[in-house]
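# Geometric and topological summary
As a plain string of letters, each chain reads:
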Amino acid sequence: VMRYFDERCQGSRRLAERAQAVIPGGVQHNLAFNHPFPLAVAKAEGAHLTDVDGNRYIDFLQAGGPTLLGSKHPAVRQKVNEVLDACGPVTGLLHEYEVKLAELVCSVMPGVDMLRLLGSGTEAVMGAVRLARAYTRRKWIVKIGGAYHGWSDQLVYGMRLPGTGRMEAVGIPHGVTGHTQECHPNDLEALRRKLQWNRLRGGTAAVLLEPLGPESGTRPVHPGYNAEVRKLCDEFGALLIFDEVVTGFRLGMGGAQAYFGVTPDLTVLGKCLTGGYPMAGAIGGRKDVMMLLVGGIGTTARRAFVGGTLSANPLSCVAGYYALKEAQRCDAAGVAGRAGDRLRKGLDEIIQRRALPYVAYNMGSIVHLQTSGVLLMDTGNLYKLWRAKDEAKARKHMMEEMGAAYTAHGLVTLAGSRIYTSLADTDEVIDDALNRFDDV
Ligand code: PMP
């Protein structure tokens, strides 16, 4: 594996070394799990990437999820160029595509009556939490342990630093996270106890969760879990916030909420919302809650403030509108989902045949390939809690050794353990990928 990087990736290595001097860690994007150094990309199209040294890869990172149509989809790019020619990147006034994108999202997402576009998933989660607190006039937020909701002070707390098991809390004063609580995934009793405890102390504003389970299903939740959380939220008067930054449009146009048949009060969107173009973030939700962004229905008395100079710029909006239109027209989530099924079945076959201590599972186009140190598999039950002690070690192994080995065999993955399929993943691409995984 290391010979591959030494002999075939000289250009990437040189750029990575230059970057070390001026960019902390040598790469701007935090998906820099890349071991031994990140690939420098020269081209990306559909299901493939080419690096600056001319090596070609099957792209299962897909930028961390947003490019459901595959890289550089022509239908979207052409429309973006038209808007860019007409009015440049931003004006600060209203643009038709702002309305069209909001209308489209409201028409497909069961829980979204209104939409507020923001700059990123992180911002949108912050906004949703603020809205929930403004609406309920309560302070407690309960999130699920291990989930990622962006890097804002009050929510990054509890994320484990890979390889250390320590809390990701550096630079965050204790008080900031003082009203953020965590429950284990699947533990409904613990959630009920938290809600009861909070009820005696002002009440819970919202339960915030990723509907596939923490980190896009890295710790999967039971299929009935979301509906049970919905019931608990109703019982305790808390809002339910779905973080659909990953699942929105990728599990289907209606996101995880349509997939599970559970409607949240607020939905956080990102990634696929703008088809991979910049400024991907939005809060959607019930009209009575959303109207607090301007002070409430028929009043300006209690405004929950959010902002952003570049929010809802015409480029993001036109990109999002045509990316989602195209996804709807050709059932991108269905096609990518079937590619995910085919890949997972093939991985299963390799795991069985070679008796590997791995597990592969998928929800549509979100495919996980992990070691049994990450997911505790006793009794074959995927929904058992993970073993925290071994987790950090197993993750580091997947991220570094396995991630590098996949790359050296022409497969770019997310941290060596997650795979995003796209509309561009034909049967031929998946079968090619399976041969490469088998070689690894
Ligand atoms: N929520 C989830 C579930 C995510 O996966 C991410 C990003 N990976 C975020 C929020 C944050 O989104 P962004 O990176 O756009 O700030």
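Residues numbered from 1 in each chain as written. Predicted model: local features only at pLDDT ≥ 70, side-chain atom pairs only at ≥ 80, totals over all residues.

In the nomenclature of an unreviewed UniProt entry, the protein chain is known as Aminotransferase class III-fold pyridoxal phosphate-dependent enzyme of Ideonella azotifigens. Comment text from UniProt for the protein chain, heading Cofactor (unreviewed entry), reads "pyridoxal 5'-phosphate". Taken verbatim from the UniProt record of the protein chain, the Sequence similarities (unreviewed entry) comment is "Belongs to the class-III pyridoxal-phosphate-dependent aminotransferase family." (UniProt positions renumbered as here; feature names shortened; annotations may be inferred.)

## Description of the sheet that holds strand β13 (residues 411-412)
Read from one edge of the open sheet, 4 strands run β1-β2-β3-β13, paired in mixed fashion. The open sheet terminates on both sides in strands that have one partner only, identified here as β1 (41-45) and β13. Pairing of strand β3 (residues 56-59) with β13 involves 2 bridges; the strand directions are parallel. Its bridge partner being in β13, aspartate 59 is matched across the sheet by valine 412. (Pairing = 2+ DSSP bridges. Helix = DSSP H or I, 4+ residues; strand = E, 2+ residues; numbered from the N terminus.)

## Side note on the pairing of strand β2 (residues 48-51)
The two faces of β2 differ: Leu49 and Asp51 on one face are buried, but His48 and Thr50 on the other face are not. Here 4 bridges tie β1 to β2, and the two strands are oriented antiparallel to one another. Within the sheet, the bridge partner assigned to lysine 43 lies in β2 and is threonine 50. Hairpin remark: β1 followed by β2, antiparallel, with 2 residues in the connecting loop; positive phi at glycine 46, about 60°. When β2 meets β3, the two strands line up antiparallel, connected through 3 bridges. Bridge pairing in β3 links histidine 48 to isoleucine 58. In textbook terms, the turn of a hairpin is the stretch between consecutive antiparallel strands, and for β2 and β3 this stretch comprises 4 residues, one of which, glycine 54, has a positive phi near 85°. (Buried ≥ 20, exposed ≤ 12 C-beta atoms within 10 Å, placed from the backbone.)

## Thoughts on the sheet that holds strand β11 (residues 358-363)
Within the open sheet, the 3 strands sit side by side as β11-β12-β14. Their pairing is antiparallel. Looking along the sheet, the strands with just one partner apiece sit at the ends: β11 and β14 (418-420). Neighbour-to-neighbour, the strand axes of the sheet open up by a mean angle of 15°, direction not taken into account. Two strands pair when backbone bridges link them, and strand β12 (residues 366-371) and β14 are joined in this way by 3 bridges, in the antiparallel orientation. (Axes fitted to C-alpha atoms, helices over the stretch in contact; angles between N-to-C directions.)

## Some points on the domain arrangement of the protein chain
Considered domain by domain, the protein chain is made up of domain 1 (2-71 + 331-439) and domain 2 (74-329). Only α13 (332-353), β12 and α14 (388-408) provide two or more residues apiece to the side of domain 1 that touches domain 2. Here the side of domain 1 that touches domain 2 takes 4 residues from α14, the largest share from any one element. Looking at side-chain class alone, the side of domain 1 that touches domain 2 contains 14 nonpolar, 5 polar and 3 charged residues. (Domains from an automatic or database assignment. Nonpolar A, V, L, I, M, F, W, Y, C, P; charged D, E, K, R; others polar.)

## A short note on helix α12 (residues 314-329)
Taking 1.5 Å of rise per residue, 16 residues should cover 22 Å, and α12 covers 22 Å from first to last C-alpha, within 8% of that figure. Across the 16 residues of α12, 12 count as buried, placing the element largely inside the fold. Those residues of α12 lying buried are Pro314, Leu315, Ser316, Cys317, Val318, Ala319, Gly320, Tyr321, Tyr322, Ala323, Leu324 and Ala327. Looking at the buried positions of α12, the neighbouring elements they touch are α3 (74-87), α4 (96-108) and α13. Downstream of α12 by a residue or two, aspartate 331 has a phi angle that is positive, lying close to 50°. (Expected span 1.5 Å × (residues − 1). Contact = placed C-beta atoms within 7 Å.)

## Side note on the site of the ligand
Lining the immediate surroundings of the ligand are 15 residues, of which Ser120, Gly121, Thr122, Gly150 and Val245 lie closest. The leading source of residues in the shell around the ligand is helix α5 (residues 121-136), at 3 residues. Within the shell around the ligand, the residues separate by chemical class into 5 nonpolar, 8 polar and 2 charged. (Near = placed C-beta within 6 Å.)

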